[in-house]
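# Remarks on the overall topology
Listed here are the chains, written in short residue letters.
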Amino acid sequence: MGENSFLITTGNSEQIIKTAQCVLKLSSKYFVEKKALSGSIVIININSYTSTTQGPLLHTIHSGIKYSIMVKDSFYSHANASHFPEKAKNYMLILEEKSELERNILQLNKLPSWNPLAKAIVYYELKNNETGADTAIELINQLRVYELFKTIVFICDKQNDEVISYTWRPYSDTNCGGECHSVYILDKCKDNIIFQVEKQHEMFPPNMKGCPLITYAVVAEPYVLPPVKKLSNTLYDDVYEFTRGGDINLVKIISEFTNMTLIVRMSEIPENWGVVYPNGSATGAYAMLRNGSTDLVVGNVEVTRILRKWFHPTVNYLQDEMTICTPKARQAATWDNLVIIFQWSTWMAVLVSLIVMSLIFHYFHYKENNSKVTKWPTNSLLMTFSMLLGWGATFEPRSSTFRILIFAWLCFSINMSISYESFLRTFLMHPRFEKQISTESDFIQSGIPLGGRKIYRSYFETNNANSSYLYRKYNSTTFLEGIRRTALERNFAVVSSRRQAVYQDRKLGKGEPLIYCFPESNNMYKYSVAILARKWFPILERFNTIIRSVTENGLINKWNEELLIHAASIESTSAIMSLSIQQLLGAFMLIGILYAVSVFIFLFEIMVGFITKRKFKLQNYKLSDPTQIEAYPRRT
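Definitions and cut-offs
Residues numbered from 1 in each chain as written. Predicted model: local features only at pLDDT ≥ 70, side-chain atom pairs only at ≥ 80, totals over all residues. Heavy atoms only, no water. Salt bridge = Lys/Arg side-chain N within 4 Å of Asp/Glu carboxyl O. Helix = DSSP H or I, 4+ residues; strand = E, 2+ residues; numbered from the N terminus. Patch = residues over 30% accessible without salt bridge, like charges linked within 9 Å, V, L, I, M, F, W, Y side chains within 5 Å. Areas by Shrake-Rupley, 256 points an atom, 1.4 Å probe, with all protein chains shown as cover. Buried < 20%, exposed > 50% of the residue type's maximum accessible area, 1.4 Å probe, protein only. UniProt positions renumbered as here; feature names shortened; annotations may be inferred. Axes fitted to C-alpha atoms, helices over the stretch in contact; angles between N-to-C directions. Parallel < 35°, antiparallel > 145°, perpendicular 65-115°, else oblique. Left-handed = near helix turned anticlockwise from the far one by under 90°. Contact = heavy atoms within 4.5 Å. Nonpolar A, V, L, I, M, F, W, Y, C, P; charged D, E, K, R; others polar. Disulfide = S-S within 2.5 Å. Pairing = 2+ DSSP bridges. Polar contact = N/O pair within 3.5 Å; in protein donor to acceptor, adjacent residues only side chain to side chain.

Bringing the pattern of salt bridges into the picture now. Taken as a whole and assessed by the stated rule, the structure comprises 13 salt bridges. One salt bridge in this structure joins Lys98 and Glu138, with 3.0 Å as the shortest N-O distance. Remark: Glu138 occurs in helix 4 (residues 132-145) and Lys98 occurs in the loop between strand 3 (90-95) and helix 3 (100-108); sequence separation between them is 40 residues. Where Lys158 meets Glu125, a salt bridge forms, and the shortest distance between an N and an O atom there is 3.2 Å.

Encoded structure:
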């Protein structure tokens, strides 16, 4: 009693064939891909004895549209099915008892071909005291537990000799993906003739009529900026109002296009992405998504292989780079600005030339004045140096050779003066910096610690010598703490998203760059940013369509320009900068040193003159005193 007539050896064979024909026609009408139903799976519970009705059933199906059929028996465990990884597009479940449905589904969802987004057709023959609508509701709710929403139930009513197809609307005015409370009839099939009662409605209509879109946000500027305020009187106690951020703007547009009510939740724990373990258990935001408490997770989500295994991301809408950021090199000392314009070899050549020419000039000057001037070349050295600086000199050359030498030295001095001033102006308009840490080798030589989010530490766990060193040196910390230590304390290097690092750098430095991120050639890797949805989220494909439209219309780039204005690097800028006292500090220091030397020499001369004058007076006094005359020996 109560057995399905498809699977027993007794009964009206003609009626079985008529019913099978109705099932074939109805399934081909509602299955996906009507031309060739590749990936359809038909589960038939085979009895241990030979069934005379299985032949007519399979023959009827195969004589119609060509199905790709996989016959399963849920009473036995399934063998390894890794050879068939293609996702099923359709399911058909033929039940003898309603209790068999759960066992059949449990077998299906362990296979690589499991796909809750496929259409599922359930065939069931009514028993005594059972109604078609109530039975369809019960079966649909069982399938909904396993996220099978696209469900059609074929009810065989033997009393009226017909097959009735029931379905439901998971999203309607009174339902937002909740339990099924009502169904409607699509078709009735009798004597191999189909009568359409009602056209099938969209399972997931374009207008979701205010159904909630629960989103879990992790603050990751500029993708998700901090919330404006916390909302009260909501179903959840962790709902916040967010107004800015690329990901926030994106989910707002999605909710507007689908007419869904956006609910954004957030944890008080900063950067609470969490971790997904190989066995599927998770923490943080991923745990919320894993247990179905939220639909989406936003906040610079980098989709890794393990995340793709347990969740379904949207299409990629932005590309970011993972790199190492170090403190920005400080400006070099300015006290030597007047000296380092030329290389040391140039300065040595000028000094040697100055000394040689001053000696030559002194020789000619001494010779032309008949040896009536001092033999020391001090004055000639000063005059030669004055000509080099473009100042006046008191040489009065008489010979042609002396004049030609002075003219040549003046030409040399003019050339050196123009070159020095040209280089000095260019040099002062562009600040100098100390050596910047821009490679892993530079970073290792600097000896500063490295750190960042814990999940990035595994990147350095390789056989490469540098990576092994960085793996041992890595300190797990939050991104915000790492970026602040790098920018403000200057004793740390952080592993970070380039976009996040640049945004935080502009925020902390108020426009002045405080950190330096390795160039693109020295990146760790590039990754695509997406929104992470729970696995088998039924509206994901529509979200992907909206994201593609937003990206193609340039809204993502517009948000980036608004939130992250890229400043031209100081090294490559050609803009003229105004000079500051800091850049001219070397010149003022040199002037101060020369003034100090002049004052010291002046005081020294006064002291020497005073001592000499005093000694001279004392000597004259002794010579004029008669009593002191005998103290001096007489000259012979």
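With that settled, the discussion passes to a nonpolar patch on the surface. Together, Ile593, Val597, Phe600, Ile601, Phe604, Met607, Val608, Phe610 and Ile611 make up an exposed nonpolar region whose accessible area comes to about 890 Å². When you line up the elements, Ile611 lands in helix 17 (residues 585-624).

Trans is the common state for peptide bonds, and a negative phi is the common state for residues other than glycine. A cis amide bond links Glu221 to the next residue, Pro222, at an omega of 5°. Phi angles above zero are rare outside glycine, and Arg490 is one such case at about 60°. When you line up the elements, Arg490 lands in the loop between helix 13 (479-489) and strand 18 (493-497). Exposure remark for Arg490: the relative accessible area of 26% places this residue in the partly exposed category.

The next thing to look at is the UniProt feature "transmembrane region" (unreviewed entry) in the chain. If you check UniProt for "transmembrane region" (unreviewed entry), the listed places come out as residues 344-364, 376-395, 401-420 and 587-612 in our numbering. Each end of residues 376-395 is marked by a C-alpha atom, and these two atoms are 15 Å apart; helix forms 60% of the span and strand 0%. Secondary structure across residues 401-420 comprises 100% helix and 0% strand; the distance between its end C-alpha atoms is 28 Å.

What follows concerns the packing of helix 5 (residues 246-258) against helix 15 (residues 540-552). Following both chains from N to C, one finds helix 5 and helix 15 inclined at 120°, their axes separated by 10 Å at the closest point. Judged on the interaxial angle alone, helix 15 and helix 5 are oblique. Like other packed secondary-structure pairs, helix 5 and helix 15 cross with a definite hand, here right-handed. For the pair helix 5 and helix 15, contact is made by Leu250, Ile253, Ile254, Phe257 and Thr258 and by Arg542, Phe543, Ile546, Ile547 and Val550, respectively. In terms of residue class, the contact of helix 5 with helix 15 is made up of eight nonpolar, one polar and one charged.

A complete count under the given rule lists three disulfides for this structure. Linked covalently through their sulfurs, Cys22 and Cys189 form a disulfide whose S-S length is 2.1 Å. As the torsion about the S-S bond is roughly -75°, the Cys22-Cys189 disulfide counts as left-handed. Here the residue Cys22 occupies a position in helix 1 (residues 13-30), and Cys189 occupies one in strand 7 (residues 184-190), the gap between them amounting to 167 residues. The pair formed by Cys22 and Cys189 is uniform in burial state, with each residue classed as buried. There is a disulfide in this structure between Cys176 and Cys211, and the S-S distance comes to 2.1 Å. Its torsion about the S-S bond being -80°, the disulfide of Cys176 and Cys211 is classed as left-handed. Residue Cys176 is found in the loop between strand 6 (162-167) and strand 7, and its partner Cys211 is found in the loop between strand 8 (193-196) and strand 9 (212-217); the two are separated by 35 residues along the sequence. Cysteine pairing for the chain (bonded cysteines numbered in sequence order): 1-3, 2-4, 5-6. With no disulfide of its own, Cys156 lies 8.7 Å from the sulfur of Cys22, the closest cysteine sulfur. You can call Cys156 buried: its relative accessible area is 6%.

It is worth spelling out the pairing of strand 13 (residues 296-302) at this point. Burial analysis of strand 13 places seven of its seven residues in the buried class, the great majority of the element. Bridging between strand 9 and strand 13 involves three bridges; their strand directions are parallel. Across the sheet, Ala217 pairs through a bridge with Val298, a residue of strand 13. Judged from the four bridges that link them, strand 13 and strand 20 (residues 525-533) form a sheet pairing that is antiparallel. The residue bridging Val297 from the neighbouring strand is Leu532, located in strand 20.

Our focus in this paragraph is the environment of Arg265. Examined against the element boundaries, Arg265 turns out to sit in strand 12 (residues 261-265). Residue Arg265 is classed as buried on the basis of its relative accessible area, which comes to 8%. Taking the C-alpha atoms as reference, Arg265 lies 9.8 Å from Ala285; in sequence the two are 20 residues apart. If near-sequence neighbours (up to four positions away) are discounted, Arg265 is found in contact with Ile214, Thr215, Tyr216, Ala217, Tyr236, Asp238, Val239, Met288 and Ser293. Among the polar contacts made by the side chain of Arg265, one reaches the side chain of Asp238 at a distance of 2.9 Å.

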